[in-house]
Amino acid sequence: MTQTQDATRSRTFSWSDPSINAAQIGRRSGLDLIRAMVAGELAAPPVMRLIDMASMTAEEGRVVVELKPQEFHYNPLGTVHGGVISTLLDTAAACAVHSTLPAGIGYTTLDLNVKFLRPVTVDSGMLRCEGTVLQQGRRTALAEARLTDGRDRLVAHATSSCLLLPLEPPAA
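Residues numbered from 1 in each chain as written. Predicted model: local features only at pLDDT ≥ 70, side-chain atom pairs only at ≥ 80, totals over all residues. Heavy atoms only, no water.

**Considerations on the sheet that holds strand β4 (residues 127–136)**
Strand pairing in a sheet takes place through backbone hydrogen bonds and is either antiparallel or parallel in direction.
Working step 1: The six strands are arranged β1-β2-β4-β5-β6-β3 in an open sheet whose pairing can be described as antiparallel. Two strands close off the open sheet at either side, each with one partner strand: β1 (53–59) and β3 (105–116). Here the strands of the sheet are splayed against their neighbours by 20 degrees on average, with no regard to which way each runs.
Working step 2: Taken together, the nine bridges between strand β5 (residues 140–148) and strand β6 (residues 154–166) define a ladder with antiparallel strand orientation. What sits directly across from Ala-141, in β6, is Cys-162.
Working step 3: Docked against the sheet, helix α2 (residues 30–38) engages β1 and β2 (62–67), running at close to 145 degrees with respect to β1.
Working step 4: Across the face of the sheet, helix α4 (residues 82–98) comes into contact with β1, β2, β3, β4, β5 and β6 while running at roughly 140 degrees to β3. (Pairing = 2+ DSSP bridges. Helix = DSSP H or I, 4+ residues; strand = E, 2+ residues; numbered from the N terminus. Axes fitted to C-alpha atoms, helices over the stretch in contact; angles between N-to-C directions. Contact = heavy atoms within 4.5 Å.)

See below:
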């Protein structure tokens, strides 16, 4: 039998101009921004397209992101790269913090402490990462994220500290 398909795998993706969303920073609450992205009123951030996140839901203090593991997420060992897993954990934890912030207040991640508990492959099923705010003060917030596989097994866990800071809306 003759091979008719090229064995080379490829992937193409597109994204929207991130400055459009950035123009909303400081003008809308964090939860409003996230919900606008979920509803498609604002484009998803480019990183979501890059790693092909499947979905996101948000409520105050809690965000869930999902991702279906694919070959292009793999490291040389044939499992999903820890950077992809860390990106999911960071996204869920940081967005949970973002969901609690009023307009005019932003954040940045100070640290992310990740524990990888089991390997993830395409056979792991849909990954679900839930981020929740554990404690929030005037200057910092502490959040955690739990990543489970399609069989609801914990595959990774993270804690994240975020610095809260006042933002100036971009000039019109």
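Alright, that's what it looks like, and here's the rest.
**Some remarks on the packing of aromatic side chains**
For any two aromatic rings, the description comes down to two numbers: the centre-to-centre distance and the angle of the planes.
Working step 1: Going through the model one piece at a time under the given rule, you end up with one aromatic pair.
Working step 2: Seen in terms of ring centroids, Phe-13 and Trp-15 are 5.5 Å apart; in terms of plane orientation they differ by 40 degrees. Their pairing is tilted.
Working step 3: Classification of Phe-13 by relative accessible area gives partly exposed; the value is 32%.
Working step 4: Its guanidinium or amino end placed over the ring of Phe-72, Arg-11 lies 3.8 Å from that ring's centre, counting from NZ or CZ. (Phe/Tyr/Trp six-rings, centres within 6.5 Å; stacked < 30°, edge-to-face > 60°. Buried < 20%, exposed > 50% of the residue type's maximum accessible area, 1.4 Å probe, protein only. Lys NZ or Arg CZ within 6 Å of the ring centre and 35° of its normal.)

**Quick look at the side chain of Ser-99**
Working step 1: The topology assignment puts Ser-99 in the loop between α4 and β3.
Working step 2: A polar contact of 3.3 Å, which involves the side chain of Ser-99, links it to the backbone oxygen of Glu-59.
Working step 3: In this view, Ser-99 contacts Gly-30, Leu-31, Ile-34, Glu-59, Glu-60, Gly-61, Arg-62 and Val-63; residues no more than four positions away in its chain are not counted. (Polar contact = N/O pair within 3.5 Å; in protein donor to acceptor, adjacent residues only side chain to side chain.)

**Section: unusual backbone geometry**
Working step 1: A positive phi angle is found at Asp-52, which is not glycine, with a value near 65 degrees.
Working step 2: Relative to the elements of secondary structure, Asp-52 occurs in the loop between α3 (46–51) and β1.
Working step 3: Judged by relative accessible area, Asp-52 falls into the partly exposed class, the value being 34%.
Working step 4: Even without a glycine there, the phi angle at Asp-152 is positive, about 65 degrees.
Working step 5: Its location among the elements puts Asp-152 in the loop between β5 and β6.
Working step 6: The exposure class assigned to Asp-152 is exposed, which follows from its relative accessible area of 63%.

**Here we look at the pairing of β1**
On any regular strand, side chains alternate: one points to one face of the sheet, the next to the other face.
Working step 1: Taken together, the six bridges between β1 and β2 define a ladder with antiparallel strand orientation. What sits directly across from Glu-59, in β2, is Arg-62.
Working step 2: Taking the residues between adjacent antiparallel strands as the criterion, β1 and β2 are bridged by two residues, where Gly-61 takes a positive phi near 80 degrees.

**Some remarks on the pattern of salt bridges**
Working step 1: Enumeration over the complete set of coordinates arrives at six salt bridges.
Working step 2: Bridged by salt links that share partners, the residues Glu-59, Arg-62, Arg-128 and Glu-130 form one connected network. (Salt bridge = Lys/Arg side-chain N within 4 Å of Asp/Glu carboxyl O.)

**Focus: the environment of Val-155**
Working step 1: Secondary-structure assignment places Val-155 in strand β6.
Working step 2: The exposure class of Val-155 is buried, given its relative accessible area of 2%.
Working step 3: Discounting chain neighbours no more than four positions away, the residues touching Val-155 are Lys-115, Phe-116, Leu-117, Arg-118, Val-120, Leu-147, Thr-148 and Asp-149.

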